[in-house]
Amino acid sequence: MNKTVNPKDLTLDDDNGPLYAAHKKVYPQSVSGTFRRIKWSLMAICLGVYYFLPFVRWNRGLGAPSQAVLIDLPNSRFYFFFIELWPQEVYYFTGLLIVAAVALFLMNSVGGRIWCGYLCPQTVWTDLFYAVERLIEGDRRERMKKDKSSDPLKLERISEIVLKHSIWLMIAWWTGGAWVLYFNDAPTLVKELVTFQGPMIAYIWIGILTASTYLLAGYMREQVCTYMCPWPRIQAALTDEWALNVTYRYDRGEKRTSVKKAAELRALGEQVGDCVDCYQCVAVCRTGIDIRNGPQMECIQCGLCIDACDNVMTKIGRPKRLIGYDNDINIHRRQEGKAPIYRIVRARTIVYSAIIAAIGGFMVYTLATRSLLDVNVLHDRNPVAVKLSDGSIRNAYTVRLLNKSGYDRAIAIDVEGPANPTMHVVGVDSVTPDRPIIVIPRDSTSELRLLVTAPAENNPEKSIPVRFHVMDIGLGVAASATDNFVAP
Amino acid sequence: MTDHHSDIDSVSGKSTTGHEWDGIKELNTPLPRWWVISFYLTIIWSIGYWIVYPAWPLIQSNTTGMFGYSSRADVAVELANLEKIRGDKMAALGAASLADIEKDPALLALARAKGKTVFGDNCAPCHGSGAAGAKGYPNLNDDDWLWGGTLDQIMQTIQFGARSGHAKTHEGQMLAFGKDGVLKSDEIVTVANYVRSLAGLSTRNGFDAAKGEKIFAENCVACHGDGGKGNQEMGAPNLTDKIWLYGSDEAALIETISQGRAGVMPAWEGRLDPATIKAMAVYVHSLGGGK
Ligand code: SF4
Ligand code: SF4
């Protein structure tokens, strides 16, 4: 077993310097391995969904938009495949946001900032921008050399820089372009945009997103993750000792020596660490930190240092995962000669999963059973009640009927409350005096002025509750709302 | 104050600003360069603003900027655009007949919305914001109409008013039977009680119904009709129903009979354009009292 190392002996940041440090540019090296492959695949999926989803079609019948995912602001509708949401149903978005937040907590309790390392848009686009940069300007060493070189700018170098920024801007512009496609019929909008006939607001949004993508992914990069994003601070408060974070297993790595010296010492039967101090893990790091200094706020858990170190270990014939997803508990257990234990299922992951399941399940349930017919009632305030010449009392209501279905509906209105009421909808000739029938066009709302009259002999003495029942006379779908019938 | 630059912080080796609080010194750390650059850029930007837009107040006026921009002109353009949009819709309203407006949900909604605002501006002072009326000012929500409650009749009343002085106005008034000496006070009391009995209200002890009927037949029937059912041609109210413009108690009736009544409704023709008057007629009709 390796010699126990006191974490206090590890090299630490120099805490005596000034608090303000000028930004040091990070030049991450390319790397290959398991986690890099996972990152590439996730990037392909995320970008693919983002860029192409607006072009997916969904047949909703004549007159309805045929875009699978569409935020129709002018008509206040949100379409998501077979789901169509109305403004009255924004609570689905609230639910979605809560689920998303708890899912983030869950990810955090399992693997720390893994959201940051694999799925966060900032990471995904920065990674893409790095790939472009590497393709054009070369890997870490070349880029460092080129940036340092004091030669006057040569044509070759200038063209490299111009090319890099043009490609960056193109990606950024495409990013902004895809954004606006979610708010309008995508093929139509593309046509309008290229012929400069698109709405002004679309160009403005493309401009904003092009600029922010270019700046954030091209220049701000890891600074967004370290200084601008609140998540590292929040997640630090949410994490616990069981979360699997990218960890340098110092129990195995220390003391660091060169490859040659390690071999010599091992031949003499001495204890040496596996870390050969090659700095590969530092060179590949996106946030420019040395993970061997222990867990750090800057680390986004991307696992690229694991890949880098694994490659080194393979080369020098030592076991892989000197750096791996692990936690301090296991380092201490190994130092004590015990087997490591991993606990994904524990109180907090169970609670988070339960919350996600509960809210998600509730949302699915309400979505599946949601009524496509709705009614809201508002009582007239001024006057609250009117006495008619024959002594009967009349109350007026504003009734809003919502027909969320894809077809016109004939709706009958019934009222329950005063005895033998008569009802009249302004602008509608009722066939029966107590049961007006109106047609509400598909996917729309109608606001009606509804008058309810209680005959003199049945005048209620005081305010009584009334209930309005609305029913689709064809299909029998019903809804109801309550209000009051007020006596003058 | 000491010389700032000679004061060097021993830990960081940087100069301090010379400010000191309880032994804590402030480092003279420069602002980040990007921040400083943005700051100067905003200053340059603001100078551009001075030139391009109206900015400097002069004694009599102000600098007008390069393009003669003015926010007042912008508002004027927007108002004109709004007028244009509304103009089209109001034209549709003006072209449709009253009955057709009520049958078309879109026109009805427009007329009600327009009517409501115009009502609030012009009619609410007398009739109340919800048109519930007050003593002497009819409630437009109920079904009792002095001059008729059909769409056309309401429109006519709004257009020409009542006793407004307009050539086509509604005429006819309640005479002052007491003031003019036509009826003596005990006769007035009797006929007031008779009128209350017509509406099914209680009467004074020992009131002579036969005498009341006789006085009524001689003086009131001409306008209020046989049995006091009223006459909308003359704006004479129905005296048998439950709605009383000036109150139904004996004292109020005595006052009405002695002093007479002649409430004035102004004519709106000429003050409001025809389409607006139409919208208002539809609005009032849709309040629920219209026939
Ligand atoms: S230390 Fe490793 S896991 Fe953390 S950000 Fe750097 S490369 Fe990624
Ligand atoms: S890559 Fe592995 S061996 Fe190389 S310095 Fe980092 S931890 Fe040590």
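Note that the structure is predicted; figures quoted are calculated from it, not measured.

Q: Describe the side chain of Thr126(A), with residues and values.
A: Looking at where Thr126(A) falls in the secondary structure, it is placed in helix H4 (residues 121-137). Non-local contacts of Thr126(A), meaning those with residues more than four positions away in its chain, are made with Leu216(A), Ala217(A) and Arg221(A).

Q: Quick rundown of empty space enclosed by the protein? Include the residues and the values.
A: All names here are of chain A. Evaluated as defined, the whole model comprises 5 cavities of 30 Å³ or more. Looking at the largest cavity, its volume works out to about 110 Å³. Taken together, 13 residues form the lining of the largest cavity, with Thr123, Thr126, Tyr130, Arg286 and Ile300 sitting closest to its centre. Those elements that provide at least two residues to the lining of the largest cavity are H4 and helix H9 (222-228).

Q: Residue-level account of the UniProt feature "transmembrane region" (unreviewed entry) in chain B, with values.
A: Within this numbering scheme, the UniProt entry marks residues 34-56 of chain B as carrying the feature "transmembrane region" (unreviewed entry). The annotated region residues 34-56 of chain B carries 83% helix and 0% strand content, and the separation between its end C-alpha atoms amounts to 30 Å.

Q: Hey, could you go over the sheet that holds strand S9 (residues 409-416) of chain A for me, with residue numbers and the actual values?
A: Residues and elements named next belong to chain A. Spatial ordering of the open sheet is given by S11-S9-S13-S14, a layout of 4 strands whose pairing is antiparallel. Strand pairing shows two members of the sheet lacking a second neighbour, strand S11 (437-440) and strand S14 (478-485), which therefore form its edges. Ignoring which end each strand starts from, the neighbouring axes of this sheet average 30° apart. In the sheet, strand S13 (residues 464-472) pairs with S14 via 8 bridges, with the strands oriented antiparallel. Across the sheet, the residue bridging to arginine 467 is threonine 482, located in S14.

Q: Give a detailed account of the UniProt feature "transmembrane region" (unreviewed entry) in chain A, specifying residues and quantitative values.
A: Using the residue numbers shown here, the UniProt feature "transmembrane region" (unreviewed entry) corresponds to residues 40-58, 90-107, 161-182, 202-220 and 350-368 of chain A. Taken as a whole, residues 202-220 of chain A contains 100% helix and 0% strand, while its terminal C-alpha atoms sit 25 Å from one another.

Q: Lay out the domain arrangement of chain A with the relevant residues and their values.
A: Residue and element names in this part refer to chain A. What the domain assignment lists for chain A is domain 1 (23-238), domain 2 (245-336) and domain 3 (373-486). Relative placement of domain 1 and domain 3: their C-alpha centres are 50 Å apart. Counting residues at the interface gives 9 residues for domain 1, matched by 7 residues for domain 3. Here domain 1 packs against domain 3, burying approximately 560 Å² in sum over the two surfaces, 45% of which is carbon and sulfur. For the interface between domain 1 and domain 3, the tally reads 2 salt bridges. Tallied by class, the residues present in the side of domain 1 that touches domain 3 amount to 4 nonpolar, 2 polar and 3 charged.

Q: Tell me about the packing of aromatic side chains, and please be specific about residues and values.
A: All names here are of chain A. This structure, assessed with the given rule, holds 29 aromatic pairs over all chains. Note on tryptophan 58 and phenylalanine 81: the rings are 5.3 Å apart at their centroids and 90° apart in plane angle, and the pair reads as edge-to-face. Note that tryptophan 58 is positioned in the loop between helix H1 (34-52) and strand S1 (69-72) and phenylalanine 81 in the loop between strand S2 (77-80) and strand S3 (83-85), a separation of 23 residues in sequence. One aromatic cluster in this structure is built from Tyr50, Tyr51, Phe52, Trp125, Trp174 and Tyr182. We note lysine 39 situated over the ring of tyrosine 118; from NZ or CZ to the ring centre the distance is 5.9 Å. Across from the ring centre of tyrosine 279, 4.7 Å away, lies the NZ or CZ of arginine 292, which sits over that ring.

Parameters at a glance
Residues numbered from 1 in each chain as written. Chains lettered and ligands numbered in written order. Predicted model: local features only at pLDDT ≥ 70, side-chain atom pairs only at ≥ 80, totals over all residues. Heavy atoms only, no water. Helix = DSSP H or I, 4+ residues; strand = E, 2+ residues; numbered from the N terminus. Contact = heavy atoms within 4.5 Å. 1 Å grid on protein atoms, 1.4 Å probe; cavity = no way out; pocket = protein on both sides within 12 Å on 5 of 7 lines; lining within 4 Å. Points joined across faces, edges and corners; volume = space filled by probe spheres on them. UniProt positions renumbered as here; feature names shortened; annotations may be inferred. Pairing = 2+ DSSP bridges. Axes fitted to C-alpha atoms, helices over the stretch in contact; angles between N-to-C directions. Domains from an automatic or database assignment. Buried area = accessible area lost by both parts, 1.4 Å probe. Salt bridge = Lys/Arg side-chain N within 4 Å of Asp/Glu carboxyl O. Nonpolar A, V, L, I, M, F, W, Y, C, P; charged D, E, K, R; others polar. Phe/Tyr/Trp six-rings, centres within 6.5 Å; stacked < 30°, edge-to-face > 60°. Lys NZ or Arg CZ within 6 Å of the ring centre and 35° of its normal.

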